[in-house]
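# Coordinate inspection notes
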Amino acid sequence: MFHISRKTQQCLKTIQPSNFQVAPFQQPVYFGRSKQHYYYSATHKLTTYPEVFLSADFISQHSSAQQEVTKTPTTLRDWINLGKEKAKHLVQEGIHMVVHGSKSFYSDLSFLKNLSSKSKSAYTVEEIVEKKRVVRDISKFIPFYLFVIIPLAEVALPFYLMLFPRAIPTCFMPESQIKEETYKYMENQAKAAKVLKAKLVQACVHCGYIPQEQTLRTFFLANKDKVMSHLELKKMNSEMLKYMCDFLAFEYIEGTYILNTLYKHLVNSPRYVFNTFLWLFRQNYRIVWINPIFNYKFKFNSYPFEAVKKALLKAQLSRQIAYMNQVNQAILDDKLGKISKDKVLKLARERGFITREASRAKAWLNNKWRRTVEDNQEDEMSLFWLAVLNYTKSS
């Protein structure tokens, strides 16, 4: 039984035979980059995003794809053949990922080499953003590639990714997975914006803010020094620092993820075993444990763990704010120039402006945000809180 998205179900109704069966969708599957691997992935499971689906024209041109989609294995031999076919395509997709990712990584290294001949003050916004991505990918590449080139090491790769879910270099990630990561960042940013806005209001009230008399933005700009004294990083606890990291939408280490992941899989291992047997015997139900102990998360908010977490998060947050300040300076110097749609949308989103139109995001960065930076460039943290205000206003 295969899992097909709703939009593709409508697409396939015109060409499927009467005995076609569709199972409910369970989870997204990431696509390869070539048409061949699109064909394989789409004939088994499809992503939930509507812009990526298997068209009726494509299936009509591939009779084998139509037969594979409409076929439901009934005998043991059918299941064995299906398993062989899946394994074959999985190997092909893995080889394609390694080859394409290696070529992309080599191009990234060439880009970094060419960039080293320029002074940092001459970098464009595109080059600053791309350099940060490439440097981050290099730090991920060595451990990831060891799993790829060492025979049978790929067996341990799922466990490695379980503990370090963002350990795959972007050059090895398909577009659908990159989009899913972006959607997660946007969800976390929206949650963090609400908490940070409440924190900002609280700090302004301590400084004499009265909502009926003036807007929050006006009061903040007029009493910036007073308000910022209540919003210093050293006065934030680890939970608030995590919200600040979530708002900036970048990869960071929170300090408790690995322990919580190990605990979760350890206490839930009997359920995983039971559900595996239910799946093997083709049962239509799964065991679910709702007791909070099976999803408990350790926070370690007491000393000395809290101090370690704060130091770790502050270091990462300060580094990200310094990077954003470098981008802000490049915007001031009219170096935004030609930049890809994804990058300009991400830059605007990091500064609290939410839009799907690249032209609108670029215009906002070149005009409104540029004026904001000119007025507040001596204080990097005040720009962060102005981004929080931009988010609530733009959204």
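Given the structure is predicted, the values throughout are model-derived calculations rather than measurements.

### Points about the nonpolar core
Counting residues in each nonpolar core, the largest one holds 59 residues, and the members touching the most others are Met244, Phe247 and Trp385. Residues in contact with Phe247, not counting those within four places in the same chain, are Gln189, Ala192, Ala193, Leu196, Glu350, Gly352, Phe384, Ala387, Val388 and Tyr391. Phe105, Phe144, Ala167 and Ile168 belong to the second largest nonpolar core, which has 13 residues in total.

### Regarding the environment of Phe219
Looking at where Phe219 falls in the secondary structure, it is placed in helix H9 (residues 216–222). With near-sequence residues (within four places) excluded, Phe219 lies in contact with Cys204, Cys207, Gly208, Tyr209, Gln214 and Val227.

### Observations regarding empty space enclosed by the protein
Evaluated as defined, the whole model comprises two cavities of 30 Å³ or more. Only helix H14 (305–332) and helix H17 (380–394) provide two or more residues apiece to the lining of the largest cavity. Of the residues that constitute the lining of the largest cavity, the class distribution is seven nonpolar, two polar and one charged.

### Quick word on the pattern of salt bridges
Within the structure shown, the criterion is met by 15 salt bridges. Here Arg136 ties to Glu251 by a salt bridge, and the two come within 3.7 Å at their closest N and O atoms. Here the residue Arg136 occupies a position in helix H6 (residues 125–149), and Glu251 occupies one in the loop between helix H11 (238–248) and helix H12 (257–267), the gap between them amounting to 115 residues. Residue classification places Glu251 among the partly exposed residues on the basis of a relative accessible area of 28%. Two residues, Asp334 and Arg370, come together in a salt bridge whose shortest N-O distance is 2.5 Å. With Asp334 in the loop between H14 and helix H15 (341–350) and Arg370 in helix H16 (residues 358–376), this residue pair connects regions lying 36 residues apart in the sequence. Given the relative accessible area of 55%, Asp334 is considered exposed. Connected through salt bridges with shared partners, the residues Asp108, Glu126, Glu130, Arg133, Asp137 and Lys343 form a single ionic network.

### Thoughts on the packing of aromatic side chains
Per the counting criterion, the structure on display carries 17 aromatic pairs. With centroids separated by 4.9 Å and ring planes inclined at 35°, the aromatic side chains of Phe147 and Tyr160 adopt a geometry described as tilted. Of this pair, Phe147 sits in helix H6 while Tyr160 is found in helix H7 (residues 157–163), placing the two residues 13 residues apart along the sequence. In this pair, the class of Phe147 matches that of Tyr160, namely buried. Considering the side-chain rings of Phe247 and Phe384, the 5.7 Å spacing of their centres and the 80° angle between planes classify their relative orientation as edge-to-face. With Phe247 in helix H11 and Phe384 in helix H17, the pair connects residues that are 137 residues apart, well separated along the chain. Neither residue differs from the other here; Phe247 and Phe384 are each classed as buried. By the ring-pair criterion, three or more aromatic residues cluster together here, those being Tyr263, Tyr296, Phe298, Phe300 and Phe305.

What counts as what
Throughout this document, residue positions are counted from 1 along each chain, in the order its sequence is written. At least 70 in pLDDT is required for a residue's local features to be given in this predicted model, at least 80 for side-chain atom pairs to be given and counted, and no such filter applies to totals for whole chains, interfaces and linings, which use all residues. Hydrogens and waters are ignored; side-chain quantities use all the structure's heavy atoms. Buried Ala, Val, Leu, Ile, Met, Phe, Trp, Tyr and Cys residues that are joined via side-chain atoms within 4.5 Å together make up what is termed a nonpolar core. For every residue, the accessible area obtained with a 1.4 Å probe (protein chains only) is divided by the maximum for its type, and the residue is called buried under 20%, exposed over 50%, and partly exposed between those limits. Contacts between residues were defined by any pair of non-hydrogen atoms, one from each residue, lying within 4.5 Å. Secondary structure is summarised from DSSP: a helix means a run of H or I of at least four residues, a strand means a run of E of at least two, and numbering begins at the N terminus for each. Any residue with an atom within 4 Å of a point lines the site, the site being either a cavity, points on a 1 Å grid over the protein atoms alone where a 1.4 Å probe fits but cannot get out, or a pocket, an open set with protein on both sides within 12 Å along at least 5 of 7 lines. Grid points are joined across faces, edges and corners, and a volume is the space filled by probe spheres set on the points. Nonpolar residues are Ala, Val, Leu, Ile, Met, Phe, Trp, Tyr, Cys and Pro. Charged residues are Asp, Glu, Lys and Arg, and all others, Gly as well, are polar. The term salt bridge refers to a side-chain nitrogen of Lys or Arg lying within 4 Å of a carboxyl oxygen of Asp or Glu. Note on aromatic pairs: the rings of Phe, Tyr and Trp (six-membered ring only in Trp) are paired at centre separations within 6.5 Å, and the planes decide the class, stacked below 30 degrees, edge-to-face beyond 60, tilted for the rest.

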